[in-house]
Amino acid sequence: MVQRADPLVVAPPNLTEEAARRSLLEHFGVAAETLTPLAGERDQNFRADTAGGQRFLFKISNPADDRTILDLQAAALRHIQLVNPALPVMRVLPGLAAQDHVAVTGYNDQPYLARLFTFLPGRRMPNDALSTAAIRSFGQTTAELGRALRGFFHPAADYEILWDLKHASRVRELLPHIGDDGRRQQVQRVLDRFEANVAPVLPTLRAQVVHGDLSLDNVLLDDEQRISGIVDFGDMTHTALVCDLAVAVADVLHGRDDALDAAEAMIAGYASVTPLEDAEAALLADLVATRLATEVAISAWRNELYPGHAAYSETGEPGCRAFLDGIEAAGFDAAGRRFRDAAAGLPYRGVPTADLLARRRRVLPSSPLFYRDPVHLVRGDGAWLFDADGRRYLDCYNNVPVVGHGHPQVARAVAAQQRTLATHSRYLHEAIVELAERLTGTMPGPLDAVLVVNSGSEANDLAWRIARAATGRCGALVTGHAYHGLTEATHALSPEEWASGEQPAHVATVPAPDGYRGAFRRDQDGWTQRYAGLIDDAVLALGDRGLAAMYADPGFTAEGILAPPPDYLAAAAGRVSAAGGLLVADEVQAGYGRAGTGLWSFAASGIEPDMVVLGKPMGNGFPVAALVVRPDLLAAVPRQTELFSTFGGNPVACSAALAVLDVIEAEGLVQRAGQTGSYLRQGLLGLADSHELIGDVRGTGLLIGVELVTDRQARRPAAAQARQLTEAMRQRGVLLGATGPDGNVLKIRPPLVFGREHADLLLSRLDDALAEMR
Ligand code: PMP
């Protein structure tokens, strides 16, 4: 790599007007009527007007830019004209001998290279005059220029310039020139981050020749504030494409009070032309800060080299400092998120929450909403959710995003399949077969057949039809406050939802194994067996109907997250089987690794259910559910009945489901759920020492219930306090829920990417909220 001299260290050319006029005529055949000197940081520029009304830019180059650099620029300009003639770049006008540049002689016989270009219209504008639309458009033009240069190469583009962000580490050498301690430390912090987060990734990003210096000094704007001329290509280099955008954001926007907001507009404009890759978007805030820090450091150095030199002290350095301060004040992570969101072009954001709520209530009057003051979410990331005002919430509630909100691998799988093929399961396709094979591979031996459907309700509904067909019976058994779905058949299996007197005749209930407040307590010997014994009575209550199936959620989530010891389910399975019924394990809540013991929560009990229902987390948010069933049971369904649902098992849904399985495995999420869950339960037990309201802490893995009581002796449910606490936690940026027959059990069921740091945050906020309630 060739090191290029700093053009500012080399004085700009200083041809007399007369010499310029002579050269122009001699070499280019242009007779200038007037020559107007134009501002230039390192070159000497003239506007040449002829008597015939033609107008040119005559550029005498800084001697630091040798012939190869000028060749590079001319070649780039020609390439741009070829691939995107609409881009407002200057045309290179050859000399009389068809050469791109000619040698001219200046003061003291110093030779310079001179070039002639078409003159571009437009004017310069201060950045605070730019509208948001203009800033967005600036981003678009930056992207268009980058696209036009995509296929361009020139050996001279390999030159090293300090301004190229990939060499930012070299800015460290300039640190001693920054006099102010605080400022120097700030630049150092930015460079530390650059070296830790950016430098290792930059070489892996899309790279090409870029303009590299799209500042307001290097463009002209028209009356609509759109770029009408890109006039300086002096910093072109081969580097990561995203650096071009970072430079534009830093250089155009520094000094604006709303630099961060404006940056979002520019980034969004850029991404509307050239979508950013995730890895590029993730680096934007650091790259912008690095550019600003570079400017601060280089200004300090130059000011020391040339004290009082107007060209160097009249820089935008104060604006750079302000922008840097703004990024630090917002926090690198927060600024980074904003930039990344802007690049992603969030489809929904910014609608005022109150208006949205009113609209929703008009057209969706039956849809329930959490919280007195509903949370208006626009984005999720890992264990975090973000509202329309950019506030973030720790998600301790949602099990659907099992591998974390917005997991890129799932998103990519869905997008790729949606683009490629989205049909239905009546055509042969590999995804549904692979998914069924993967699922049955995780289940006990006899569970070898799969039906892929669209919701937990649908899977439970089908299980009910199969159970009736296979057993010839029509009675069902569920626990006293269970939930298994919203269809007619599954509503019948969901006592949690029954209005009074609504219990169907074919459904019997059995008390759930509540060892804290129920009939049998954990400190009584054989309490789980006694609960299981109640199943026999319930079967009797079904009378002639007989038991077709018992449905059980192994976590007993709706019952208050009872998470009984494994021997309860083992005993229950034995009783159901003895009664000739089938056992349906509803893993919609507790499955997919949540229990921390394996993918399926029933497995810890050593049972072999007859059917297993999967839902919620299965597609990380993409609707997909499944029923895994013994093939002999399936065979009992009448042949006339086609078990097909249009969207069930479509290639997109199956791709999502396969990606979820891959990520759970690759990221070791089952083990993580077990470890984080134990840690969190320990912490919650610690809180119980100082907060009387906590009566019980229980659960497995990351399915945790915290039962609130007004009186630990009488174990009276504290339902109002549970509601109040979920509101108080929401105010503190933590989302959780309340469940159980009395609604007094805090429900903690986060995405499995939840880690100790998240657990610590939850614990400290809960401690605080509980203290406030006392
Ligand atoms: N079973 C259980 C245990 C559930 O929690 C739910 C949903 N809360 C369902 C079934 C129904 O699933 P879906 O909402 O996908 O129909």
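Residues numbered from 1 in each chain as written. Predicted model: local features only at pLDDT ≥ 70, side-chain atom pairs only at ≥ 80, totals over all residues. Heavy atoms only, no water.

A. Examining the overall build of the chain more closely. Along the chain, the regular secondary structure elements total 22 helices and 26 strands. The C-alpha radius of gyration computed for the chain amounts to 34 Å, which surpasses the reference 28 Å derived for 774 residues by more than 25%, pointing to a less compact arrangement than a globule. A principal-axis box enclosing the C-alpha atoms of the chain has dimensions of 115 × 60 × 50 Å. Residues classed as buried in the chain amount to 55% of the 774 residues present. Sequence separation of at least 24 residues holds for 73% of the intrachain contacts in the chain that already meet a minimum separation of 6. (Helix = DSSP H or I, 4+ residues; strand = E, 2+ residues; numbered from the N terminus. Rg over C-alpha atoms; globule rule 2.2 N^0.38 Å. Buried < 20%, exposed > 50% of the residue type's maximum accessible area, 1.4 Å probe, protein only. Contact = heavy atoms within 4.5 Å.)

B. Structural context of the sheet that holds strand S24 (residues 734-735). A sheet is described by the order of its strands in space; here four strands give the open sequence S11-S12-S13-S24, paired in mixed fashion. Every interior strand has two partners, whereas the edge strands, strand S11 (377-381) and S24, have only one. In this fold helix H10 (residues 332-344) packs onto S11, strand S12 (384-387) and strand S13 (392-395), with an angle of close to 110° to the strand it touches most, S11. (Pairing = 2+ DSSP bridges. Axes fitted to C-alpha atoms, helices over the stretch in contact; angles between N-to-C directions.)

C. Structural view of the environment of proline 307. Along the polypeptide, proline 307 turns up in the loop between helix H7 (278-305) and helix H8 (310-313). It is 52 Å that separates the C-alpha atoms of proline 307 and histidine 407, two residues lying 100 residues apart in sequence.

D. Up close: the site of the ligand. Around the ligand, a shell composed of Ser455, Gly456, Ser457, Asn460, Tyr483, His484, Gly485, Asp586, Val588, Gln589 and Lys616 is seen. Glycine 456 places a polar main-chain atom, nitrogen or oxygen, 2.9 Å from an oxygen atom of the ligand. Interatomic distance of 2.5 Å between a side-chain N/O atom of serine 457 and an oxygen atom of the ligand. Contact with the protein chains removes 81% of the 390 Å² of surface that the ligand exposes when unbound. (Near = heavy atom within 4 Å. Polar contact = N/O pair within 3.5 Å; in protein donor to acceptor, adjacent residues only side chain to side chain. Areas by Shrake-Rupley, 256 points an atom, 1.4 Å probe, with all protein chains shown as cover.)

E. Geometry of the environment of leucine 385. Its location among the elements puts leucine 385 in strand S12. Here the alpha-carbon distance between leucine 385 and arginine 136, two residues 249 residues apart in the chain, equals 27 Å. When near neighbours in sequence (up to four residues on either side) are disregarded, leucine 385 contacts Leu377, Arg379, Gly380, Arg391, Arg392, Tyr393, Asp395, Asn398, His405 and Leu735.

F. Highlighting the packing of aromatic side chains. For the coordinates displayed, the defined rule picks out seven aromatic pairs. Taken together, a centroid distance of 6.3 Å and an interplanar angle of 70° make the contact between phenylalanine 370 and tyrosine 371 edge-to-face. Judged by its relative accessible area of 51%, phenylalanine 370 falls in the exposed class. For tyrosine 371, a relative accessible area of 17% puts it in the buried group. Centroid distance phenylalanine 370 to tyrosine 397: 5.3 Å. Interplanar angle 85°. Geometry classified as edge-to-face. Here phenylalanine 370 is found in the loop between helix H11 (353-363) and S11, whereas its partner tyrosine 397 is found in the loop between S13 and helix H12 (408-420), with 27 residues between them in sequence. Within the aromatic cluster, the residues linked to one another by ring pairs are Phe370, Tyr371 and Tyr397. Across from the ring centre of phenylalanine 386, 4.3 Å away, lies the NZ or CZ of arginine 379, which sits over that ring. Sitting over the face of the ring of phenylalanine 644, arginine 426 holds its NZ or CZ atom 3.8 Å from the ring centroid. (Phe/Tyr/Trp six-rings, centres within 6.5 Å; stacked < 30°, edge-to-face > 60°. Lys NZ or Arg CZ within 6 Å of the ring centre and 35° of its normal.)

G. Focus on unusual backbone geometry. The phi angle at alanine 98 is positive, at roughly 65°, despite the residue not being glycine. You will see that arginine 715, though not glycine, has its phi angle at about 55°, which is positive. Locating arginine 715 in the fold gives a position in the loop between strand S22 (703-711) and strand S23 (716-717). Residue arginine 715 is classed as partly exposed on the basis of its relative accessible area of 23%.

H. Quick look at the pattern of salt bridges. Per the counting criterion, the structure on display carries 41 salt bridges. Linking arginine 630 and aspartate 632 is a salt bridge whose minimum nitrogen-to-oxygen distance equals 2.7 Å. Take aspartate 632: its relative accessible area is 47%, and that puts it in the partly exposed class. Put simply, arginine 732 and glutamate 772 hold a salt bridge, and the shortest N to O gap is 3.4 Å. (Salt bridge = Lys/Arg side-chain N within 4 Å of Asp/Glu carboxyl O.)

I. Structural view of the side chain of asparagine 62. For asparagine 62, the position within the fold is in the loop between strand S3 (55-60) and helix H2 (67-83). Of the polar contacts made by the side chain of asparagine 62, one reaches the backbone nitrogen of alanine 64; its length is 2.8 Å.

J. Broad picture of helix H13 (residues 430-441). Relative to the 16 Å expected for 12 residues at 1.5 Å per residue, H13 spans 16 Å between its end C-alpha atoms, a close match to the ideal helical length. Looking at H13, one finds that the buried residues are Ala431, Leu435, Ala436, Leu439 and Thr440. Down the axis of H13, the smallest arc covering the buried residues is 155°, so these residues share one side. Exposed residues pointing more than 90 degrees away from the buried face of H13 are listed as Glu430, Glu437 and Gly441. Where H13 is buried, its residues touch strand S14 (449-453), strand S19 (611-614), strand S20 (625-629) and helix H19 (651-666). (Expected span 1.5 Å × (residues − 1). Arc of directions from axis to C-beta.)

K. Seen up close, the packing of H7 against H10. Where H7 meets H10, the axes come as close as 7 Å, and the angle between the chain directions of the two elements is 125°. As far as their axial angle goes, H10 and H7 are oblique. Handedness of the crossing formed by H7 with H10: right-handed. Only Phe332, Ala335, Gly336, Phe339, Arg340 and Ala343 of H10 make contact with H7, whose side of the interface consists of Ala281, Ala282, Leu284, Ala285, Asp286, Val288 and Ala289. Class assignment for the residues of the contact of H7 with H10 results in 10 nonpolar, one polar and two charged. (Parallel < 35°, antiparallel > 145°, perpendicular 65-115°, else oblique. Left-handed = near helix turned anticlockwise from the far one by under 90°. Nonpolar A, V, L, I, M, F, W, Y, C, P; charged D, E, K, R; others polar.)

L. Inspection of helix H20 (residues 669-690) at higher detail. For H20, built from 22 residues, the straight-helix expectation of 32 Å at 1.5 Å per residue is met to within 8% by its first-to-last C-alpha distance of 32 Å. All of the buried residues in H20 are Leu669, Val670, Ala673, Gly674, Thr676, Gly677, Leu680, Arg681, Leu684, Leu687 and Ala688. Elements that come into contact with the buried residues of H20 comprise H19, strand S21 (694-700), S22, strand S26 (745-748) and helix H22 (756-773).

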